[in-house]
Amino acid sequence: MKWQALLAGALASALVTCVIGRVSAEVRIVNDPGGEVSSYVEKFQDMRAAGDRIVIDGPCLSACTLLTGIIPRDHVCVTSRAVLGFHAASYYDDASRSLVPTREGSGLVMRLYPAAIRSWVVRHGGLRPQLITLRGRELAAFYPSCQ
């Protein structure tokens, strides 16, 4: 009968987890090259809803930078290795087999960034195919250092 008690306890624990939801977590970004914008928006919205704390501890490039407009500032910290890398939104053109920048996509991405990040991007030439990076003291002006 011990197995029945263990099973009952496990089921009760699973039920509590389902009812309460997951506990907030610390998510460490070490080397994120980015990817498709909508999947990052969804991922970061889920993290925000869960109350996750984000530690940027390396490159956070392309769509990864969308966290700046989705995760509350007080839930983000940066290490000395943190880098945010911004570039124009683009799509893959099958005919030319290359990435093609899109003004509409870049406009959407810019609207997702908070005003201070948008201003920084504009001061550094705007979103273009070449990567521009925010790091070091400049980045520390936007986010607190991780303790």
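It should be noted that the structure appears before, not after, this text.
All values reported here derive from a predicted model rather than from experimental measurement.

Engineer: Go over helix 4 (residues 103–112) with me, naming the residues and quoting the values.
Structural biologist: Within helix 4, burial applies to G105, S106, V109 and M110. Within helix 4, the buried residues cover an arc of 135° as seen down the axis, which keeps them to one side. Away from its buried face, by an angle of more than 90 degrees, helix 4 presents the exposed residues R103, E104 and R111. As for helix 4, its buried residues are in contact with helix 2 (37–50) and helix 5 (115–123).

Engineer: Lay out the pattern of salt bridges with the relevant residues and their values.
Structural biologist: Counted by the stated rule, this structure contains 4 salt bridges. As a salt-bridge pair, D57 and R81 come within 2.7 Å of each other at their nearest N and O atoms. Placement of the pair is D57 in the loop between strand 2 (53–56) and strand 3 (59–61) and R81 in the loop between strand 4 (76–78) and strand 5 (83–86), with a sequence separation of 24 residues. Looking at R81, the relative accessible area reads 53%, which means it is exposed. Through salt bridges with shared partners, one network takes in E26, R28, D57 and R81.

Engineer: Pulling in residues and values, what's your account of helix 2?
Structural biologist: In this model helix 2 runs 20 Å from its N-terminal to its C-terminal C-alpha over 14 residues, within 8% of the 20 Å that 1.5 Å per residue would give. Taken as a whole, helix 2 has its buried residues at Y40, V41, F44 and M47. Axial view of helix 2: buried residues confined to an arc of 130°, hence all on one face. In helix 2, the exposed positions that point more than 90 degrees away from the buried face belong to E42 and A49. In the core, the buried residues of helix 2 are packed alongside strand 1 (26–29), strand 2, helix 3 (67–70) and helix 4. Just downstream of helix 2 lies G51, where phi reads positive at about 80°.

Cut-offs and rules
Residues numbered from 1 in each chain as written. Predicted model: local features only at pLDDT ≥ 70, side-chain atom pairs only at ≥ 80, totals over all residues. Heavy atoms only, no water. Buried < 20%, exposed > 50% of the residue type's maximum accessible area, 1.4 Å probe, protein only. Helix = DSSP H or I, 4+ residues; strand = E, 2+ residues; numbered from the N terminus. Arc of directions from axis to C-beta. Contact = heavy atoms within 4.5 Å. Salt bridge = Lys/Arg side-chain N within 4 Å of Asp/Glu carboxyl O. Expected span 1.5 Å × (residues − 1).

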